[in-house]
Structures are given as C-alpha cells and as structure tokens.
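Residue-level structural notes
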2 protein chains.
Amino acid sequence: MESGPCSRPAEPRHCVSGRAGAGLAFPAFPLSAAGAEPGSRIGTVAAVLPAGGCGERMGVRTPKQFCRVLERPLISYTLQAMERVCWIKDIVVTVTGENMEAMRSIIQRYGHKRISLAEAGATRHRSIFNGLKALAEDQPGCELTRPEVVIIHDAVRPFVEEDILLRVVLAAKEHGCSDFDLEFGTECLQLALKYCHRKAKLVEGTPDLWKVTYKQDLCAAEAMIKEKISQEICVVVNTKDEESVGHLLEEVLRNELNCIKVTSTVLDRTSGDIENFIDQCYSFICVNVVSSESRETRKLLSILEESSLPLLYPVVVVLVHCFDFTVVPLAQKMENLVWIRELAKEAKGRNVLLSGVLLNHSQDEQKLQESLVQSAAIIAALVKERNSALVGQLLVA
Amino acid sequence: MESGPCSRPAEPRHCVSGRAGAGLAFPAFPLSAAGAEPGSRIGTVAAVLPAGGCGERMGVRTPKQFCRVLERPLISYTLQAMERVCWIKDIVVTVTGENMEAMRSIIQRYGHKRISLAEAGATRHRSIFNGLKALAEDQPGCELTRPEVVIIHDAVRPFVEEDILLRVVLAAKEHGCSDFDLEFGTECLQLALKYCHRKAKLVEGTPDLWKVTYKQDLCAAEAMIKEKISQEICVVVNTKDEESVGHLLEEVLRNELNCIKVTSTVLDRTSGDIENFIDQCYSFICVNVVSSESRETRKLLSILEESSLPLLYPVVVVLVHCFDFTVVPLAQKMENLVWIRELAKEAKGRNVLLSGVLLNHSQDEQKLQESLVQSAAIIAALVKERNSALVGQLLVA
C-alpha cells in the first residue's frame with residue numbers, strides 16, 4: 001500500500017450529510033510491472049472488498065454485509081454491482097475465517113463471477129493488505145491477473161455505479177491534489193499523506209453511494225432495491241388491438257404509476273417475443289393471455305425460470321383475467337382459477353411471485369374505468385412490495 | 001441567542017457515522033426572569049423547530065419536512081414526538097411565508113397542540129432567532145409562556161425521545177464543558193464559543209435520531225414508522241375457550257412473528273373491552289367475531305373511528321373467517337362476504353384498512369396448521385405494509 005497515490009472515491013463532499021467511510025484506488029505495484037492493455041485508458045483493474053466487519057452498530061447479530069435484503073445477503077448486491085463492470089478483472093473479498101464458508105456458498109448460489117476470497121485481518125487496513133497480497137502473489141495456481149490499479153470498495157455500499165468507479169481509477173492514475181481536500185477531506189487523505197507520502201485526491205460521489213451502517217440503512221437499502229427493480233412493468237397481451245382491455249390497462253398503468261416505465265408485448269399462443277423483455281424487467285402483467293387453465297401459465301413461468309431473472313431478484317407475475325362480473329359470477333370464476341394457488345406455491349420456490357387479478361370488464365364505461373384504476377393500484381402494490389405472503393391470491397378489482 | 005451556554009443534543013458521538021446537524025438548548029433569557037415552576041428540575045421549557053428548508057438534496061420538489069410518510073407530512077411526526085413531552089409548554093415552528101398556510105392546515109388536520117408559527121428567516125440561524133423572538137415578546141395577545149429553557153430541534157428528525165430531550169435541557173442548565181467536545185465536536189460548538197463566548201457541551205444521542213436528508217432517508221423513515229406501529233397486534237376473539245381457532249391463531253402469530261407483541265381480547269356481542277387496547281395498538285385481527293354480515297363490523301369500526309387512532313396512523317383491521325373449506329365451498333363464502341369490499345371502501349376514507357382472511361378450519365390437523373401459518377404470513381404482510389391498495393380483498397389461507 002505504500003506504492004502510490006491514494007484517492008478517495010464515491011463520497012458526497014458534504015461529510016456533514018454523513019455518507020462516510022469509502023474506498024481507495026491506487027496503482028498497486030510499480031507501473032513498469034503493470035499488465036496494462038495497449039490503448040486501454042485504464043489498464044488492468046482489480047477490486048478488493050473488505051468484508052470482515054461485525055456490524056455491531058446495526059444492533060443485530062449477523063454482520064451487516066450478510067444481512068438479508070429481499071432474501072439475499074447485502075454483499076451479494078455489492079458483488080453484483082462490481083462484476084457488472086466488465087473492465088474489473090478480479091474481485092477479492094476479504095472475510096473472517098468463520099464466515100469463509102458462508103461467503104463461498106453465497107458466491108455459488110448467486111452465480112457470482114471473478115470473485116476470489118482472502119482472509120480478513122484484525123483491522124480494515126490489514127484486511128485490505130491481505131486482499132492486495134492475494135493479487136500480488138505470482139505463486140503457481142494463482143490465476144489472478146496482476147493489476148495496474150486496485151479499487152478498494154466497502155462491501156456494504158451496494159449502490160456503486162460504473163461511472164464513479166471509472167473516475168476513481170482515472171484519478172488514481174493522476175498525480176495532482178488539491179490542498180482543499182487535505183484540509184477538509186477526511187482522515188483517509190491525511191493517512192495517505194502521512195504514510196504513503198502522497199497527496200490524495202477527493203473524488204465527488206453520489207448520495208446513492210452511502211454506507212449501510214445502521215438498521216435504518218438496511219430498511220433504506222431494501223426500499224431502494226425494490227424501487228430499482230420495479231422501474232419497469234411489462235404488460236403481456238394477447239392481441240395487437242389497441243382497443244383491447246389489455247391496452248386499456250397498459251394506458252391506465254402508465255397514467256397511474258407515472259414513475260414506472262410500462263412496456264408491452266404480444267404473447268400469442270406460440271409465446272412470442274417475451275424473451276426480448278426478460279433481461280430488462282422483473283414484473284410481468286399478463287392480461288387475458290392465459291385462459292382458465294394452467295398450461296399456458298406453466299409455459300410462461302418456464303420461460304422466466306430458464307432466464308437468470310429469478311436468480312437475483314423475486315420476479316412478479318400477475319395474471320389479469322378480464323370478464324364482466326354481471327355475466328360470469330365472481331365466485332364461479334374464482335373456482336375456475338383455483339389452480340393459480342397451487343401453481344403459485346411451486347413458483348414461489350423458484351423466486352417467481354405469481355398472483356391473479358380479476359378485472360371487471362363491464363359494459364358500463366365508468367365501472368370499467370374504476371376497475372382498471374383499482375387493478376393498477378393492486379398491481380403497483382404487488383410489484384413494489386414483492387411480498388411472497390400474497391402469492392396465489394386472487395385479487396378483485 | 002447571545003445570552004447563554006449552548007449545548008448540542010441528540011447526536012451519536014461518531015460524526016463519521018453521519019447523523020449530523022441537530023438542535024441546541026439554552027437558557028433563552030436571564031434566569032432571574034424565568035418562570036421556573038417551584039421544585040421543578042427543568043423549569044419552563046419551550047421548543048423552536050426550524051422548518052424553512054427547501055430540501056434540494058432530497059431530489060424532490062417538496063421541501064423534505066413536507067414530504068409524506070404513510071400519507072402524513074414528515075413534520076407532523078416530529079411535532080407529535082415533541083408534543084408527547086408534557087413539560088414542553090410551547091412549540092414554535094418557523095416556516096417560510098409560502099408554506100405558512102400548508103403548515104396551518106397540517107396542524108389543524110392532525111390535531112397538533114401547543115404549536116405556534118413564526119416566519120422563517122433567510123438562514124437557519126435567522127429562523128431560530130425569529131422563533132425565539134416569538135417566545136420573548138410579551139405583547140398583548142401573545143399567549144406563549146416566557147420559557148426558561150428553549151430546545152432547538154430540526155423539523156426533519158422525527159424520532160426524538162423524551163429522555164434525550166430531558167438530558168439536553170438539564171445540560172443546558174449546567175455550565176461545564178469538555179475540551180474534547182470543542183476539539184472534536186462539530187462547528188456548532190465552535191460557533192457557540194465564538195459568538196456566545198460560552199463553552200458548549202456535547203450530549204450523546206442515539207442512532208435513531210438521524211436527519212432526513214436524502215431520498216433513502218425518507219424510505220428509511222417510512223420503514224421505521226411502519227415497524228414502530230406494527231409492534232403490537234391485538235387478536236380479537238369471540239370466546240375465552242383456549243382451544244378455539246382464535247387462540248390457535250394467536251399462538252401461531254406469536255411463534256411466527258417473533259418480534260411482534262401479540263395480545264388478545266374477547267369481544268362478545270356487547271363489544272367488550274376492546275377500548276382498553278385502542279391506545280396501544282394499530283392492528284386488530286378479529287377471529288370469528290363477526291358473522292357473515294356487516295352489522296358487527298360496522299360497530300367495531302365505529303369504536304376505532306371514535307378513538308383518535310386513525311387520525312395519525314392507518315389502522316389495520318383483518319376479519320378472519322374460519323370454516324372447513326370442504327364443508328362450505330370457498331366461492332359461496334366469498335359471495336356471503338362480498339359486503340367487506342364495500343365496507344372497506346368507506347373505512348379507507350377514514351384511514352382504517354379493512355380486509356378479510358379465509359382460514360381453512362379443517363378437521364385434518366396438518367391442513368389446519370398449514371392454513372394457520374399461511375394466515376399468519378398474510379396478516380404479517382397486511383400489518384407491516386399497510387398498503388391501502390389491498391383493502392376489501394378476501395385472502396385465502
């Protein structure tokens with residue numbers, strides 16, 4: 001760690017607003033030894049994630065990086081954010097011996113790639129040092145690429161974006177510094193000067209990039225992740241007809257849920273182009289695409305389950321059945337759809353949350369409109385809260 | 001503000017963890033002039049809440065103190081926390097002219113007491129000064145008691161507790177100070193020294209007492225408030241019989257929702273002692289206490305609505321109907337209970353969230369147990385999320 005300038009990323013300048021702690025990025029080894037790709041602006045980059053904390057401030061037993069958010073450990077979200085960045089070649093996570101096995105199973109279960117583990121030290125700096133050693137060692141069997149730049153990133157900051165990481169790496173390769181930062185930056189910069197004999201550079205971050213420290217931060221993280229994966233709803237209809245109830249519902253959803261992007265696709269009996277959507281979207285509202293039997297729904301679910309979607313987030317599927325409540329009795333329809341309950345139990349095990357909405361396709365214009373608005377509200381609740389306790393329910397709009 | 005020692009309350013010592021900003025408490029006027037109650041440890045206390053901020057860091061148009069949490073403006077929660085403290089005689093809120101009317105209607109709608117308004121100034125300190133002036137003026141018509149101590153508290157810190165306020169007030173009446181605080185406390189302490197020529201005292205706070213600054217703080221505030229009002233569930237049963245399904249459900253709720261306090265009361269046809277609960281609890285699970293008609297439910301709802309409960313928080317009422325699904329067809333039962341949908345619409349307008357759960361009171365021990373556990377999960381979802389979009393639904397366990 002004594003070999004280069006130290007720069008502090010990803011932090012709102014106003015420390016008073018309190019998103020403290022952070023990461024560093026610096027040339028890890030003499031640049032002559034760096035395996036920089038020709039023409040690359042950033043060269044070979046690796047990341048070290050110290051995850052040895054015990055989270056005593058959280059007021060819970062589980063170390064905060066292993067606390068579950070939407071049933072998935074917090075650190076898995078941070079790993080996901082880092083591995084999304086294709087130019088980060090290796091990601092070394094330092095964990096305590098007792099958590100090593102848990103960490104391995106997290107990596108395996110959620111299919112994380114390019115991750116190596118190193119033993120955490122007694123202090124955060126010691127852990128970082130161990131992580132760097134893992135990257136430095138050219139011992140036989142070590143498949144890690146010797147990096148030119150190493151990013152140090154807290155395991156409990158899940159909302160890091162590529163652009164800020166890029167700015168950090170570029171800053172790490174510069175050698176300027178502002179005295180202002182040394183005066184008013186945090187102790188990390190002073191340490192860099194004192195021990196690395198290097199002036200450090202403060203890199204502006206975003207409010208999103210805050211550290212999960214207290215219990216309320218965990219609540220906030222869950223709320224933000226729910227919001228993030230609920231940004232898009234795909235309405236699956238069975239006809240291109242713009243006058244169809246499916247398109248009417250799509251219209252109402254667009255008006256009522258104004259922060260949410262509403263797309264639509266036509267799923268004919270040959271289950272058309274829904275595959276085009278399953279990389280962008282975690283919420284599918286199927287309007288009249290399945291009849292009162294389970295076959296087509298099973299087909300739809302299998303498409304989703306073959307994708308990697310439910311691996312990382314719960315996927316919401318709402319089957320909307322539209323009919324005139326005065327023509328077909330509600331009770332009778334519910335009996336016909338009782339299979340949804342059983343099917344939902346199976347799907348829940350594969351992280352797909354299935355439920356049904358009965359929409360009153362009334363001839364009365366006003367009644368229809370009321371039911372459309374009510375459906376939109378119910379769908380919003382199912383999509384935003386992703387509560388598995390409500391799967392299999394038939395909700396009446 | 002030049003007239004006394006200044007102490008900084010309600011802040012975790014580790015500013016690095018970022019619950020920054022805060023309040024002050026100090027003798028507002030020469031103590032000789034103070035209307036201290038004989039024998040009182042704290043004398044006459046008032047509070048000034050600066051609420052002139054524009055919340056630009058929140059990334060939303062609405063000033064953060066007016067952002068809605070569970071449909072209620074954030075500042076109303078802070079007012080509620082302050083007015084709960086009986087020894088705070090007057091609470092002065094400083095708001096900008098353009099928000100004055102909005103603030104008045106908030107005070108009226110949520111029945112806040114002991115609140116006066118003053119115009120906010122160009123800066124936070126100017127606003128505080130205006131608030132103090134409102135307390136100082138002995139002009140005719142001014143009904144405010146001239147206080148001995150004034151607490152300054154951010155309008156966007158809703159989770160302040162009485163004990164910390166008491167410690168702040170007592171600290172304000174002392175005249176000691178630690179040099180450590182001056183060295184390592186924030187600029188507020190330096191200002192106190194520079195302008196008030198007084199050494200200030202740092203009072204330890206709790207992590208809960210953090211400032212709503214960013215969007216994620218608002219998410220956290222909502223999650224914490226939901227958690228707070230979901231700490232207790234009252235199971236209303238129609239019999240003392242310990243073997244009854246109501247008591248079985250109570251038992252399962254106790255096991256499944258281990259963080260939640262589950263109490264129970266017997267509501268006979270004369271609607272017995274439910275009044276004893278309505279001050280402590282915002283969630284009522286009524287097991288078989290209403291038959292398949294709306295009369296008794298209306299009675300129950302009117303008891304709740306006559307209380308002040310729904311004024312501040314949405315109250316959850318779940319009507320659990322237990323019957324053997326093999327004896328009475330589900331569809332038929334749902335038809336009999338369709339009135340719940342209409343009744344829920346009315347109750348929603350009065351901030352009571354009514355829904356139904358159908359529990360399979362099967363002779364098969366295992367089926368019964370499954371349905372009890374499923375009911376508990378559904379009830380937990382309804383209680384914890386309080387989502388008004390789901391009112392009137394009949395959920396099958």
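Please read these numbers as outputs of a predicted model, since none were measured by experiment.

**Comments concerning the overall build of chain A**
Scanning chain A from terminus to terminus reveals 13 helices and 15 strands. Taken across its 397 residues, chain A has 57% of its residues classed as buried. Here the analysis covers contacts within chain A between residues at least 6 apart in sequence; of these, 75% occur between residues at least 24 apart. Of the roughly 16900 Å² of accessible surface on chain A, 52% is carried by carbon and sulfur atoms.

**Some details on unusual backbone geometry**
For residues that are not glycine, phi is negative in most cases, and the peptide bond is trans in most cases. All names here are of chain A. The backbone of asparagine 351 shows a phi angle near 65°, a positive value even though the residue is not glycine. For asparagine 351, the position within the fold is in the loop between α12 (339-349) and β14 (352-360). With relative accessibility at 26%, the residue asparagine 351 sits in the partly exposed group. A positive phi is found at arginine 386, a non-glycine position, where the angle reads about 45°.

**Concerning helix α7 (residues 215-229) of chain B**
Over its 15 residues, α7(B) extends 22 Å from the first C-alpha to the last, a length consistent with the 21 Å expected when each residue adds 1.5 Å. Among the residues of α7(B), those classed as buried are Gln216(B), Asp217(B), Leu218(B), Cys219(B), Ala220(B), Ala221(B), Met224(B), Ile225(B), Lys226(B) and Ile229(B). Those residues of α7(B) that are buried are in contact with α7 (215-229) and α13 (365-385) of chain A together with β4 (68-69), α1 (74-83), β12 (283-287) and α13 (365-385) of chain B.

**Describing the pattern of salt bridges**
In this structure the tally under the stated criterion is 20 salt bridges over all chains. Arg104(B) is the salt-bridge partner of Glu101(B), the closest N and O atoms lying 3.0 Å from each other. Here the residue Glu101(B) and the residue Arg104(B) both occupy positions in helix α2 (residues 100-109), the gap between them amounting to three residues, near one helical turn. For Arg104(B), a relative accessible area of 43% puts it in the partly exposed group. A salt bridge links Glu250(B) to Arg254(B), with the shortest nitrogen-to-oxygen separation between them at 2.9 Å. Separated by four residues within a single helix, Glu250(B) and Arg254(B) lie in helix α8 (residues 245-256), roughly one turn from each other. A network of salt bridges, in which partner residues are shared, links Arg124(A), Asp154(A) and Arg157(A).

**Comments concerning the environment of Ile106(A)**
All names here are of chain A. On the secondary structure map, isoleucine 106 appears in helix α2 (residues 97-109). Each C-alpha atom, one on isoleucine 106 and one on alanine 172, is 31 Å from the other, the two residues being 66 residues apart in sequence. When neighbours within four sequence positions are excluded, isoleucine 106 is seen to be in contact with Phe66, Pro73, Ile75, Ser76 and His112.

**What to know about the pairing of strand β8 (residues 149-152) of chain A**
Residues and elements named next belong to chain A. A two-sided burial pattern is seen for β8, the buried positions comprising Val149 and Ile151 on one face and Val150 and Ile152 on the other. As defined by bridge partners, strand β3 (residues 45-50) adjoins β8 across four bridges and the pair is classed as parallel. Of the residues in β8, the one forming a bridge with alanine 46 is valine 150.

**Here we look at the relation of the copies chain B and chain A**
Expressed as a screw operation, the relation of chain B to chain A combines 0.0 Å of axial shift with a rotation of 180°, fitting to an RMSD of 0.1 Å. The operation mapping one copy onto its partner corresponds to a two-fold rotation axis.

**Notes on the packing of α1(B) against α2(B)**
Residues and elements named next belong to chain B. As a packed pair, α1 and α2 sit with axes 11 Å apart at the nearest point and diverge in direction by 55°. Here α2 runs oblique to α1, going by the angle between their axes. Two packed elements cross with a definite hand, and for α1 against α2 that hand is right-handed. Of the residues in α2, those touching α1 at Ile75, Ser76 and Leu79 are Met103, Ile106 and Ile107. Class assignment of the residues belonging to the contact of α1 with α2 gives a composition of five nonpolar, one polar and no charged.

**Thoughts on the sheet that holds strand β11 (residues 261-266) of chain B**
Residues and elements named next belong to chain B. Taken together, the six strands give an open sheet; going across it, the order is β11-β10-β12-β13-β14-β15, and neighbouring strands pair in parallel fashion. Because the sheet does not close on itself, it has two edges, and the strands there are β11 and β15 (394-396). Across the sheet, the mean angle separating the axes of adjacent strands is 25° when strand polarity is ignored. Direction of pairing for strand β13 (residues 315-323) relative to strand β14 (residues 352-360): parallel, over a ladder of nine bridges. Across the sheet, the residue bridging to cysteine 322 is leucine 359, located in β14. In the packing of helix α12 (residues 339-349) onto the sheet, contacts are made with β13, β14 and β15, and the angle to β14 comes to roughly 155°. Most of the contacts of α13 go to β14, to which it runs at about 170°, and overall it touches β10 (232-237), β12, β13, β14 and β15.

Parameters and conventions
- Residues numbered from 1 in each chain as written.
- Chains lettered and ligands numbered in written order.
- Predicted model: local features only at pLDDT ≥ 70, side-chain atom pairs only at ≥ 80, totals over all residues.
- Heavy atoms only, no water.
- Helix = DSSP H or I, 4+ residues; strand = E, 2+ residues; numbered from the N terminus.
- Buried < 20%, exposed > 50% of the residue type's maximum accessible area, 1.4 Å probe, protein only.
- Contact = heavy atoms within 4.5 Å.
- Areas by Shrake-Rupley, 256 points an atom, 1.4 Å probe, with all protein chains shown as cover.
- Expected span 1.5 Å × (residues − 1).
- Salt bridge = Lys/Arg side-chain N within 4 Å of Asp/Glu carboxyl O.
- Pairing = 2+ DSSP bridges.
- Least-squares fit on C-alpha atoms with pLDDT ≥ 70 in both.
- Axes fitted to C-alpha atoms, helices over the stretch in contact; angles between N-to-C directions.
- Parallel < 35°, antiparallel > 145°, perpendicular 65-115°, else oblique.
- Left-handed = near helix turned anticlockwise from the far one by under 90°.
- Nonpolar A, V, L, I, M, F, W, Y, C, P; charged D, E, K, R; others polar.

Structural measurements only, silent on function.
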